[in-house]
Amino acid sequence: MNGTSKAYGMIAEFSTAAGVLHAAEKIRDVGFRRWDVFTPFPVHGMDKAMGLKNSKVGWFAFLGGVTGYTCGMLMIWFMNAVDYPLVVGGKPMFSPYSAFPPSYELTILLGSFGSLLGMLFLNRLPRLHHPLLKNKRFSLVTHDRFFIVIECDDPKYSETQTRKLLEEAGSAHLEVVEE
Amino acid sequence: MAEAVGQMRVSAPPPELERIPLVANQRDIGWLSDKIAGVAEGKTPLWWWVAFVPSALLLLLLLTMITYLISTGVGVWGNNHPVMWGWPIINFVWWIGIGHAGTLISAILFLLRQRWRTAVNRAAEAMTIFAVMCAGIFPLIHIGRVWYGWWLLPLPNSNSIWPQFRSPLMWDVFAVSTYFTVSVLFWYMGLIPDLAVMRDRAKTKLRQFLYGFFALGWTGSNRHWSNYEKAYLILAGLATPLVLSVHSIVSLDFSVSQLPGWHTTIFPPYFVAGAIYSGFGMVLTLLVPLRKLCHLEEVITMRHIDVMCKVTLATGSIVGYAYATEYFIAWYSGNPYERWTFWHRVFGTYWYGGMAMLLFNAFVPQLFWIRYFRRNLIAVFLISILVNMGMWSERFVIVVGSLYQDFLPASWGQFRPTWVDVCTYLGTFGLFFTCFLLFLRFLPLIAISEVKGVTPQADPHHPLGGAKVEERIPDDE
């Protein structure tokens, strides 16, 4: 708490989806790394325009699903065939057929948790405190505006050059956001 | 292929080929926020109180009935030998069937790229969650000694005996609890961006804190959206086999037994079709008045109602086809017990149940072939109520109709519900509508960010999205 606030980055406002998409392509081509596009809804084609790779959420869901199925089968086998075998209706102590439905449900259950929690983990959420969330103008991002934010930490960032670049990309409103 | 697309030139389609827009009157995306979030903001409208007070009273009735039941015993219900399942299981199957439309709309229609789903999925998912809550109460209180309810969980009981997983009733515990949990996860995940909308619009400190807390700090970052969309796709992919499995497993509760009328292989698909049919009935019952009361006719348009009527027609016809198959097999099998049961479904003591089931499920939805009935909101509303009456009759026919006369005349009997049965059932409507009305008042009833995403303004290749006409599609390097 030394009283001086550090700049977090430069926000550039756009009013159309096409505008922000083409601006993002320009920023990508310049080679920035610590930057992001903020939109009220996922804009089709933006991942490519930003040069993002395929999301890794699938691995978390897969891991959850495998865990669910394995745990389900092992649990039922242990309970009904190992720990307390009990003959019911002359059925086998363990059968993969009768153990399948609960294991199938557990696959889906843990796969879904994997998917949601994996998404939150990859996005580093929850994060209730963020410099952008303090900015009045930026709150329009959930309404109808589109923003490109270039962080000051980016090696290519320079106050004047970046401002010029974003203005050329068609931004109507530029602002430097404090940390 | 990608190369060829890159070279193509696009121009705005000629007006006669332009699709009917999903949001009427070319409303911009800011308008959508104002309109939808507005329902959960501002002064509580009078109609809300008019609906809420009776709902809350019915919820009180439910709590009273459950207290009475637990303190007295299951003898207060009409369940008795030979009809041991009675109304509680009918209500369980009926409510959980209603829940199926929510997941169908949110998951299956998502995978099928049905973009109209965005206007109705949130409310339908909420309906699912509340319907599954109503459903879940019944098997639990039906076990008689509710304090042993935990024996259904995979925990060793007092004699160190584990649950018996060779029984479909045990599968059902896993299916229903997974269904509830995954529905809540799916619903919540869809809500995160919209909670951020609510957070940024909130006027009071408390609302800012609560919406902000549950929005988890969502900023609309495209790096986040990228993971979010993938996670949503995977959840939809997981919820699709889930929704098909839940009612299949519920149907196995019946069809794994030997009883005529239950012991058939058609049950799983037939139950799933019926569930989706009744669910769409309930979605229409809720949304037809809601779009008017909340002034959302431009978001939930006549086109949406029209498509949902068509889904009702399709699933109703599948149900009708399943009835025909059941009757044919009952006759063709030559099994006298099977024939007896099916004859008595429509000409026995409970003929009215069988007739209502055939009339309301197989024939009434056929009216939706005619455009007039899909466009007339009063007709749609009335038919949607008949749909659910029909589906309740179907569950009645399956449960009571098969149990009251089976193989031996020694185990024949009659079933009569008591006032406690009726009041408990009515009470679940209290639970359902209380939850649903609270949802309307505090959360956006339409997925704001998803509806924004299907407007032409959201499409960077559409003139309204800012694209220059005759512009080249961005190349993929």
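Reading the values: the criteria
Residues numbered from 1 in each chain as written. Chains lettered and ligands numbered in written order. Predicted model: local features only at pLDDT ≥ 70, side-chain atom pairs only at ≥ 80, totals over all residues. Helix = DSSP H or I, 4+ residues; strand = E, 2+ residues; numbered from the N terminus. Contact = placed C-beta atoms within 7 Å. Rg over C-alpha atoms; globule rule 2.2 N^0.38 Å. Buried ≥ 20, exposed ≤ 12 C-beta atoms within 10 Å, placed from the backbone. Axes fitted to C-alpha atoms, helices over the stretch in contact; angles between N-to-C directions. Parallel < 35°, antiparallel > 145°, perpendicular 65-115°, else oblique. Left-handed = near helix turned anticlockwise from the far one by under 90°. Nonpolar A, V, L, I, M, F, W, Y, C, P; charged D, E, K, R; others polar. Expected span 1.5 Å × (residues − 1). Core = buried A, V, L, I, M, F, W, Y, C linked by C-beta atoms within 7 Å. Domains from an automatic or database assignment. Pairing = 2+ DSSP bridges. pLDDT = per-residue confidence, 0-100.

Q: What's the story with the overall build of chain B in this structure? I'm lost.
A: The helix and strand tally for chain B stands at 16 helices and zero strands. The principal-axis extents of the C-alpha atoms in chain B amount to approximately 80 × 55 × 45 Å. Partitioning the intrachain contacts of chain B with sequence separation of at least 6 by distance along the chain shows that 81% fall at a separation of at least 24.

Q: It is not clear to me how the overall build of chain A should be interpreted in this structure. Could you clarify?
A: Secondary structure assignment for chain A yields five helices and four strands. Beginning at the N terminus, the succession of helices and strands in chain A can be written as β-α-β-α-α-α-β-α-β. For chain A, whose C-alpha radius of gyration is 25 Å, the value lies well above the compact-globule estimate of 16 Å for 179 residues. Projecting the C-alpha coordinates of chain A onto the three principal axes gives extents of approximately 80 × 40 × 30 Å. Burial status across chain A gives 42% buried among its 179 residues. A sequence separation of at least 24 residues applies to 80% of the contacts in chain A between residues at least 6 apart.

Q: Please clarify how the interface of chain B and chain A should be interpreted in this entry.
A: It is common to give the size of an interface as the accessible area that goes away when the parts come together. Of the residues lining the interface, 59 residues belong to chain B; the matching set on chain A comes to 64 residues. Listed by contribution, the elements that provide at least two residues to the side of chain B that touches chain A are helix H2 (29-39), helix H6 (168-201), helix H7 (205-215), helix H8 (222-255) and helix H16 (448-453) of chain B. Tallying contributions element by element places H8 of chain B first for the side of chain B that touches chain A, with 17 residues.

Q: What exactly am I supposed to notice about the environment of Thr-160 of chain A here?
A: All names here are of chain A. In this fold, Thr-160 is placed in helix H5 (residues 159-168). Its 7 C-beta neighbours within 10 Å are what place Thr-160 among the exposed residues. Linking Thr-160 and Ile-11, residues 149 residues apart in sequence, is a C-alpha distance of 13 Å.

Q: Can you walk me through the packing of helix H4 (residues 86-111) of chain B against helix H14 (residues 377-403) of chain B in this structure?
A: Each packed pair of helices is defined by two parameters, the angle between the axes and the distance between the axes. Residue and element names in this part refer to chain B. H14 packs onto H4 with a crossing angle of 135 degrees between their chain directions and a minimal axis gap of 9 Å. For the element pair H4 / H14, the angle class is oblique. Taken as a pair, H4 and H14 cross one another with a handedness that is right-handed. Across the interface between the two elements, Gly-86, Ile-89, Ile-90, Val-93, Trp-94 and Gly-97 from H4 touch Met-391, Trp-392, Arg-395, Phe-396 and Val-399 from H14. In the contact of H4 with H14, the residues fall into eight nonpolar, two polar and one charged.

Q: What is the right way to look at helix H3 (residues 46-72) of chain B in this model?
A: In an α-helix, one turn spans 3.6 residues; hence positions three or four apart end up facing the same way. All names here are of chain B. The terminal C-alpha atoms of H3, which comprises 27 residues, lie 39 Å apart, in line with the 39 Å expected from a rise of 1.5 Å per residue. Those residues of H3 lying buried are Leu-58, Leu-62, Met-65 and Leu-69. For H3, the elements touching its buried residues are helix H5 (121-142) and helix H15 (419-442).

Q: Looking at this structure, how should I read the nonpolar core?
A: When a protein is soluble and globular, its nonpolar side chains tend to lie buried together. In this structure, Val-20, Ala-24 and Ile-148 of chain A together with Met-127, Ala-131 and Val-283 of chain B are the most contacted members of the largest nonpolar core, which totals 172 residues. Shared between two domains, this core holds at least three residues of each, these being domain 1 (7-53 + 129-178) and domain 2 (57-122) of chain A. Other than its neighbours up to four places away in sequence, Val-283 of chain B contacts Ala-101, Val-120, Ala-124, Met-127 and Met-308 of chain B. In this structure, Ile-76, Met-79 and Ala-99 of chain A together with Trp-162 of chain B belong to the second largest nonpolar core, which totals five residues.

Q: Explanation requested: the sheet that holds strand S2 (residues 35-38) of chain A in the structure shown.
A: Within a sheet, adjacent strands bond to each other through the backbone by hydrogen bonds, running parallel or antiparallel. Residues and elements named next belong to chain A. Taken together, four strands build an open sheet; the order of strands is S2-S3-S1-S4 and the sheet is antiparallel. The outermost strands of the open sheet, each flanked by one partner alone, are S2 and strand S4 (173-178). Looking at each pair of strands side by side, their axes are set apart by 20 degrees on average, direction ignored. Judged from the six bridges that link them, strand S1 (residues 7-14) and S4 form a sheet pairing that is antiparallel. Across the sheet, Met-10 pairs through a bridge with Val-176, a residue of S4. Packing against the sheet, helix H1 (residues 17-30) makes contact with S1, S2 and strand S3 (146-151), and its axis sits at approximately 20 degrees to S3.

Q: Is there a simple way to think about the domain arrangement of chain A in this case?
A: What the domain assignment lists for chain A is domain 1 (7-53 + 129-178) and domain 2 (57-122). For domain 1 of chain A and domain 2 of chain A, the distance between their C-alpha centres works out to 44 Å.

Q: Before we go on, may I ask you to explain the pairing of S1 of chain A in this structure?
A: The two faces of a sheet get side chains in turn, since along a regular strand they alternate between them. Residues and elements named next belong to chain A. Buried residues dominate S1, accounting for six of its eight residues. Bridging between S1 and S3 involves six bridges; their strand directions are antiparallel. Residue pairing for S3: Glu-13 is matched across the bridge by Phe-147.

Q: Can you help me understand the environment of Ser-71 of chain B in this one?
A: Structurally, Ser-71 of chain B can be placed in helix H3. With 41 residues separating them in the primary sequence, Ser-71 of chain B and Gly-30 of chain B have C-alpha atoms 54 Å apart.

Q: Looking at this structure, how should I read unusual backbone geometry?
A: Leaving glycine aside, a negative phi is the common case for residues, and trans is the common case for peptide bonds. In the segment running from Leu-125 of chain A into Pro-126 of chain A, the intervening peptide bond is cis, with an omega of -5 degrees. Mapped onto the elements, Pro-126 of chain A comes out in the loop between helix H4 (96-122) and S3. The linkage connecting His-81 of chain B with the following residue, Pro-82 of chain B, adopts the cis geometry, with an omega of 0 degrees. If you trace the backbone, Pro-82 of chain B turns up in the loop between H3 and H4. With a phi close to 55 degrees, Arg-113 of chain B is a non-glycine residue in the positive phi region.

Q: Just checking my understanding: could you explain the packing of helix H10 (residues 302-332) of chain B against helix H11 (residues 336-347) of chain B for this structure?
A: All names here are of chain B. One way to put it is that H10 packs onto H11 with a least axis distance of 8 Å and a crossing angle of 140 degrees. With respect to H11, the element H10 is oriented oblique. For H10 against H11, the interelement crossing comes out left-handed. Counted together, Tyr-327, Ala-330 and Trp-331 of H10 and Glu-338, Arg-339 and Phe-342 of H11 form the full contact between these two elements.

Q: For this particular structure, what's the right way to read H1 of chain A?
A: Residue and element names in this part refer to chain A. With 14 residues, H1 should reach 20 Å at 1.5 Å per residue; the first-to-last C-alpha distance of 20 Å fits that figure. Looking at H1, one finds that the buried residues are Ala-17, Ala-18, Gly-19, Val-20, Leu-21, Ala-23, Ala-24 and Ile-27. Where H1 ends, the next residue or the one after it, Gly-31, has phi of about 100 degrees, a positive value.

Q: Even after reading the chapter, I still don't get the environment of Met-355 of chain B, so can you show me in this structure?
A: Residue and element names in this part refer to chain B. Structurally, Met-355 is set in helix H12 (residues 351-363). What makes Met-355 partly exposed here is the crowd of 15 C-beta atoms within 10 Å. Separated by 38 residues in the primary sequence, Met-355 and Ser-393 have C-alpha atoms spaced 8.7 Å apart.

Q: Sorry if this is basic, but what is going on with the confidence of the model for chain B here?
A: Low pLDDT means the predicted atomic positions in that stretch should not be read closely. Model confidence for chain B is summarised by a mean pLDDT of 89, while 95% of its residues fall at 70 or above. Scored as a complex, the prediction yields pTM 0.91 and ipTM 0.92.

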